[in-house]
Amino acid sequence: MNKLAPCVFVLFGATGDLTKRKLAPALYALHRENLLPEKFAIVAYARRDKTDETFRTDMKAAIEEFAPKMPTTGKVWENFISRFYYQRGEFDQAEGYTGLRDRLNELDVEQGTPCNRLFYLAIPPEQYEAVITHLGDSGLSYPTNGEDTWARVIVEKPFGTDLETSRQLNRTLLERFTENQIYRIDHYLGKETVQNILVFRFANELFEPLWNHKYIDSVQITVAEQIGLEGRGNFFDETGMTRDVVQNHALQILSLVAMEPPVSLDADAVRDEKVKALRAIRPILREEVAHSTVRGQYAGYRQEEGVKQDSTTETYAAMKLYVDNWRWGGTPFFVRAGKAMPRRVTEVAVQFRAIPQVLFAKMKRENVSPNVLVLRIQPDEGIYLLIGAKEPGPSMNLKPVDLHFTYKDAFPKAHIADAYERLILDAIRGDASLFARGDEVEAAWGLLTPILEAWKSRPGEIQPYFTGTWGPERAAALLGDGHQWREP
Ligand code: BG6
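Residues numbered from 1 in each chain as written. Predicted model: local features only at pLDDT ≥ 70, side-chain atom pairs only at ≥ 80, totals over all residues. Heavy atoms only, no water.

### Some remarks on the site of the ligand
- In the vicinity of the ligand, the residues found are Lys157, His187, Tyr188, Lys191, Glu225, Arg232, Asp244, His249, Lys339, Arg344 and Gln378.
- Between the ligand and glutamate 225, the relevant distance is 2.4 Å, taken from an oxygen atom to a side-chain nitrogen or oxygen of the residue.
- Between an oxygen atom of the ligand and a side-chain N or O atom of lysine 339, the distance comes to 3.2 Å.
- Look at the ligand: alone it shows 400 Å² of surface, and the protein chains cover 80% of it. (Near = heavy atom within 4 Å. Polar contact = N/O pair within 3.5 Å; in protein donor to acceptor, adjacent residues only side chain to side chain. Areas by Shrake-Rupley, 256 points an atom, 1.4 Å probe, with all protein chains shown as cover.)

Okay, structure coming up:
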């Protein structure tokens, strides 16, 4: 068993989708790998009338459905499921929290978990304020048992819906917790391939000298999903692709690609550099929104369950951004995110500048293509580099070929953990480097809020596209200067 400090994981949103699909399987996977503290309990706090026993049965069913490879029998399982407890209470009533506090105190004695608490808010954002406030007012947000104990809170996305609401949420949190107790989750940061962006850039001498506007022509960041709404129509129609994916996942990736080297790998050193990169992005003014962004909606979206019949919510968003600093001045970053695309793929494609054409001027242009470095986040996780090679034969013909590293080949035995496993573990360990800081979240909203407002005032401009295509036709015109979207 490991040496992690004992703790209670207090779950708000126990009956929700996230708990069933991600959190319960992640906790079980950590337990199976012996990575959880030896003294560890999970207490769900929710409205419905349940007992510890019925809650355990629900969690068993969730793991059987969403993580069927892990057995729900045997000693390891029994040990895991016996750590689950259920506490009934309302989110907005103080008595509930007094009950929760008493239950936690009892468990501390029973389990020897001396007041370390990790609160996980897997609830709809409109309930954040009530829960955070009551946690504070009931004294639960403060470590109560000396300096070595802690209370932390993990806040799920969406973190606000625009700049003002994200600021408000930060204020509410900071009235009850200190910044180093707050863990704002963006599950992309828990992905191995996203963490590897930093390693790739700063642990290899080869690319860093080229990593700037002198050698890099443009960067494309794609977050494409093949799926549509999958029963999340109500949520998605209120949210849209920009709030759901661009504000967090895509801009987090962009900040890792664009940032300056941090002075250390400490949470704040890394986040200082990321926030600087985000703040260096040139704001898109209201009058430029039509030229610098494209939003689309797939045909048939309005017939999906939970979607309004006249909805103008975007299921596709693309934008042309400039990181206006000495490293990147003049290099466009094209960002796109969409649902109902031809395939699920997330990647960063870094296109280097074209060579001077003098030597190979007579060859077909597409055969003398510029180098492209692809950081593939998912699937086929790896790094691909497109280079020019001579095609064997009597004449001088060029052909683009691929150098690549894949995780599958390089680490055949490694268990690639789900992002939530890594993030929960880091929060228990007190390492916030893979979580967003308040200023990062606000910088991202600061960039996107004027775009969202401009779109709202011109709902008719949303572009249709067919399911299974790479988005609206107008997206091609966004790029300009001969650039084209990759078809990954
Ligand atoms: C979530 C969004 O944050 O990320 C979903 O709410 C989206 O709409 C999901 O499908 C994508 O995550 P992943 O890990 O499947 O790429």
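Here the narrative resumes.
### Comments concerning the pattern of salt bridges
- Within this structure, the stated rule accounts for 35 salt bridges.
- With its nearest N and O atoms 3.7 Å apart, the salt bridge here joins aspartate 217 to arginine 353. Separated by 136 residues along the polypeptide, aspartate 217 in strand β7 (residues 216-224) and arginine 353 in the loop between β11 (345-352) and β12 (372-378) bring together distant segments of the chain.
- Looking at aspartate 217, the relative accessible area reads 17%, which means it is buried.
- According to the relative accessible area criterion, arginine 353 is partly exposed, its value standing at 36%.
- Members of the salt-bridge network, linked through shared partners, are Asp268, Arg271, Asp272, Arg437 and Asp439. (Salt bridge = Lys/Arg side-chain N within 4 Å of Asp/Glu carboxyl O. Helix = DSSP H or I, 4+ residues; strand = E, 2+ residues; numbered from the N terminus. Buried < 20%, exposed > 50% of the residue type's maximum accessible area, 1.4 Å probe, protein only.)

### So, the layout of surface pockets
- Of the voids in this model, the second largest pocket is the one considered here, and its volume is about 740 Å³.
- Looking at the second largest pocket, it is lined by 26 residues, and the ones nearest its centre are Gln351, Ser369, Pro370, Val372 and Gln484.
- Going through the elements one at a time, β7, β12 and β13 (382-391) are the ones with two or more residues in the lining of the second largest pocket.
- Tallied by class, residues from the lining of the second largest pocket come to 10 nonpolar, eight polar and eight charged. (1 Å grid on protein atoms, 1.4 Å probe; cavity = no way out; pocket = protein on both sides within 12 Å on 5 of 7 lines; lining within 4 Å. Points joined across faces, edges and corners; volume = space filled by probe spheres on them. Nonpolar A, V, L, I, M, F, W, Y, C, P; charged D, E, K, R; others polar.)

### Quick look at the packing of aromatic side chains
- Throughout the structure, instances matching the rule amount to 26 aromatic pairs.
- An angle of 35° between the planes, with centres 5.1 Å apart, marks the rings of phenylalanine 200 and phenylalanine 207 as tilted.
- Judged by its relative accessible area of 9%, phenylalanine 200 falls in the buried class.
- Given the relative accessible area of 13%, phenylalanine 207 is considered buried.
- Ring pairing ties together the aromatic residues Tyr28, Phe55, Trp77, Phe80, Phe84 and Tyr86, which thus form one cluster.
- Positioned above the aromatic ring of tyrosine 28, the side-chain terminus of arginine 32 is 5.5 Å from the ring centre. (Phe/Tyr/Trp six-rings, centres within 6.5 Å; stacked < 30°, edge-to-face > 60°. Lys NZ or Arg CZ within 6 Å of the ring centre and 35° of its normal.)

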